[in-house]
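Residues per chain, in single letters:
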Amino acid sequence: MSVKLKPLNQQIIVITGATSGIGLVTARLAARRGARLVLNARSESDLRQLTDEIKQAGGEATYVAADVADEAALQTVADEAVKHFGGFDTWVNNAGVSIYGRLREVATEDQRQLFETNFWGVVNGSRIAAKHLGQRVNGWGGAIVNIGSALSDRAIPLQGMYCASKHAVKGFTEALRIELEEEGAPISVSPVKPAALDTPYKDHAKNYLPNEPENPPPVYAPDVAAEAILHCAQHPVRDVFAGGGGKMISVAGNLMPRWLDKLMETAVFKMQQSDRPERNRTRHSLYEPQGDATNGSTTNQTTIHSINNLQERGGYSGHVAESSVYTKASLHPLTTAALLAVATLSVAGLVRSELKRKPRRGISRWWS
């Protein structure tokens with residue numbers, strides 16, 4: 001079934017994990033392009049700040065503070081979209097967190113909590129979105145965009161449970177797409193797989209390592225993922241890598257798995273650790289936003305105050321690619337092919353003119 005999606009400036013978009021990194025960049029970009037937004041995160045103060053910022057810039061937004069792991073709480077986000085805007089067109093499951101450490105050293109309760117956010121948060125959001133979007137009868141379809149990872153195709157050491165959760169997201173998303181297509185539901189389901197991005201991701205992660213975590217290169221700006229997300233909101237896309245480095249590791253994992261194993265054993269352990277000693281281990285976002293009074297297993301959603309307000313970038317010290325040629329080409333294959341064809345013909349024309357003007361001895365005039 002072909003799904004017809006609205007232009008961005010006619011859409012209401014729900015974004016989870018909207019106050020940091022990918023979610024924050026996506027929210028700001030979507031608002032600038034005319035979308036109306038329903039924002040979700042666990043920090044009410046950050047959500048209020050972002051909503052006020054969007055409104056002051058002439059946009060429209062509302063918010064609900066809720067933990068994506070709580071299905072009933074997440075349902076209130078959809079209810080707010082219906083109450084405030086009459087519904088929604090795209091639901092972006094973006095909320096996520098990581099843990100750095102060897103699998104045998106990470107506490108079981110921490111591993112389970114990561115899955116509550118990264119996997120069950122996506123499941124909860126997708127089920128809620130599919131129920132709402134499946135009822136559309138106005139000729140327009142809706143989109144579910146699930147933020148996976150390049151690591152859903154190929155796991156790396158020291159983030160094993162994060163990789164496992166993203167493998168689970170990939171499997172769930174693929175099965176959901178097939179089921180909705182078989183039902184004839186007017187819903188596009190698109191996984192976006194970011195490569196390493198310069199976001200506060202590693203600062204929000206719980207760390208078991210002796211040193212501060214670091215992103216392995218190549219590292220991309222979060223804008224690369226945001227552009228991919230908003231493309232999927234308007235065009236049915238089966239999947240997309242945000243950053244060519246992510247595609248590269250996926251292909252290498254399929255074609256040269258043992259070689260990639262060895263590379264990871266010799267290099268990737270070191271590449272994920274900086275030379276800075278690990279800071280206070282209680283400052284992470286596994287159980288609640290940074291800056292809350294405690295880092296326990298329960299959270300009072302009405303008294304959250306984050307000290308890391310609305311951060312898009314993570315301060316990566318190396319080179320950050322602000323765009324990805326690969327991602328742009330994969331999202332616009334016909335345009336890319338046409339540009340390549342024009343460029344090829346232009347170069348061929350220049351070569352032909354030059355050879356006609358200055359024919360070389362021994363060169364056959366096969367072009368004439």
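One can find the structure itself at the top, above this paragraph.
Anyway, here's the lowdown on the structure attached to this text. For clarity, every value in this text was computed on a predicted model and none was experimentally measured. (Residues numbered from 1 in each chain as written. Predicted model: local features only at pLDDT ≥ 70, side-chain atom pairs only at ≥ 80, totals over all residues. Heavy atoms only, no water.)

### Considering the packing of helix α4 (residues 108-118) against helix α5 (residues 120-133)
Right, on to step 1. It is at 3 Å that the axes of α4 and α5 come closest, and there the two elements cross at 25 degrees. Put simply, α4 runs roughly parallel to α5. Counted together, Phe115, Glu116, Thr117 and Asn118 of α4 and Trp120, Gly121 and Val122 of α5 form the full contact between these two elements.
Right, on to step 2. Split by residue class, the contact of α4 with α5 holds 3 nonpolar, 3 polar and 1 charged. (Axes fitted to C-alpha atoms, helices over the stretch in contact; angles between N-to-C directions. Helix = DSSP H or I, 4+ residues; strand = E, 2+ residues; numbered from the N terminus. Parallel < 35°, antiparallel > 145°, perpendicular 65-115°, else oblique. Contact = heavy atoms within 4.5 Å. Nonpolar A, V, L, I, M, F, W, Y, C, P; charged D, E, K, R; others polar.)

### Re α4
Right, on to step 1. Considered for burial, the residues of α4 that qualify are Asp110, Gln111, Gln113, Leu114, Thr117 and Asn118. End-on, the buried residues of α4 take up no more than an arc of 160 degrees, which puts them together on one face. The exposed set on the far side of α4, more than 90 degrees from its buried face, consists of Glu109 and Arg112.
Right, on to step 2. Next to the buried residues of α4 lie β5 (99-100), α5, α6 (160-183) and β8 (206-207). (Buried < 20%, exposed > 50% of the residue type's maximum accessible area, 1.4 Å probe, protein only. Arc of directions from axis to C-beta.)

### A look at the pairing of strand β4 (residues 90-93)
Right, on to step 1. Because side chains alternate across β4, one face comprises the buried residues Thr90 and Val92, and the other comprises Trp91 and Asn93, equally buried.
Right, on to step 2. Pairing of β4 with strand β6 (residues 142-147) involves 4 bridges; the strand directions are parallel. By the bridge assignment, Asn93 is partnered in β6 with Asn146. (Pairing = 2+ DSSP bridges.)

### Some details on helix α10 (residues 257-271)
Right, on to step 1. The sharpest bend along α10 measures roughly 45 degrees and falls at Met264.
Right, on to step 2. Restricting attention to buried positions, one finds in α10 the residues Leu260, Met264, Ala267 and Val268.
Right, on to step 3. Those residues of α10 that are buried are in contact with α9 (244-255). (Bend = angle between axes of the 7 residues up to and from the residue.)

### Here we look at the environment of Arg281
Right, on to step 1. With respect to the helices, strands and loops of the structure, Arg281 is situated in the loop between β12 (273-277) and β13 (320-321).
Right, on to step 2. Arg281 sits in the partly exposed class, given a relative accessible area of 38%.
Right, on to step 3. When sequence neighbours within four positions are dropped, the list of residues in contact with Arg281 reads Asn207, Tyr208, Leu209 and Pro210.

### With respect to the side chain of Gln272
Right, on to step 1. Tracing the sequence through the fold places Gln272 in the loop between α10 and β12.
Right, on to step 2. With relative accessibility at 0%, the residue Gln272 sits in the buried group.
Right, on to step 3. Polar side-chain contacts of Gln272 include one of 2.7 Å to the backbone oxygen of Pro157.
Right, on to step 4. Those residues within four positions of Gln272 in sequence are excluded, and the remaining contacts are Tyr100, Ile156, Pro157, Leu158, Gln159, Leu209, Glu212, Pro213, Glu214 and Pro216. (Polar contact = N/O pair within 3.5 Å; in protein donor to acceptor, adjacent residues only side chain to side chain.)

### Some remarks on the nonpolar core
Right, on to step 1. Among the nonpolar cores identified, the biggest contains 40 residues, and Ile13, Leu37, Leu39 and Val192 are the most heavily contacted of them.
Right, on to step 2. With 8 residues, the single largest contributor to this core is helix α8 (residues 222-234).
Right, on to step 3. Residues contacting Val192, with those up to four places away along its chain left out, are Val145, Asn146, Ile147, Gly148, Ser149, Ala228, Ile229, Cys232, Val240 and Ala242.
Right, on to step 4. The next biggest cluster of nonpolar side chains, apart from the first, holds 29 residues, and it includes Ile12, Phe85, Ile128 and Leu180. (Core = buried A, V, L, I, M, F, W, Y, C linked by side-chain atoms within 4.5 Å.)

### Focus: the packing of aromatic side chains
To describe a pair of aromatic rings, one takes the distance between the centres and the angle between the planes.
Right, on to step 1. Taken as a whole and assessed by the stated rule, the structure comprises 6 aromatic pairs.
Right, on to step 2. Seen from their ring centres, Tyr100 and Tyr201 are 6.4 Å apart, and the 75 degrees between their planes marks the pair as edge-to-face. Of this pair, Tyr100 sits in strand β5 while Tyr201 sits in helix α7 (residues 201-204), and the two are 101 residues apart along the sequence.
Right, on to step 3. Note on Tyr100: relative accessible area 0%, which makes it buried.
Right, on to step 4. Relative to Tyr201, the ring of Tyr162 has its centre 5.4 Å away and its plane inclined at 75 degrees; by these criteria the two rings are edge-to-face. Placement of Tyr162 in helix α6 and of Tyr201 in helix α7 is noted, with a sequence separation of 39 residues between them.
Right, on to step 5. These aromatic residues form a ring-pair network of at least three members: Phe115, Phe119, Trp120 and Phe172.
Right, on to step 6. Across from the ring centre of Trp140, 4.5 Å away, lies the NZ or CZ of Lys4, which sits over that ring. (Phe/Tyr/Trp six-rings, centres within 6.5 Å; stacked < 30°, edge-to-face > 60°. Lys NZ or Arg CZ within 6 Å of the ring centre and 35° of its normal.)

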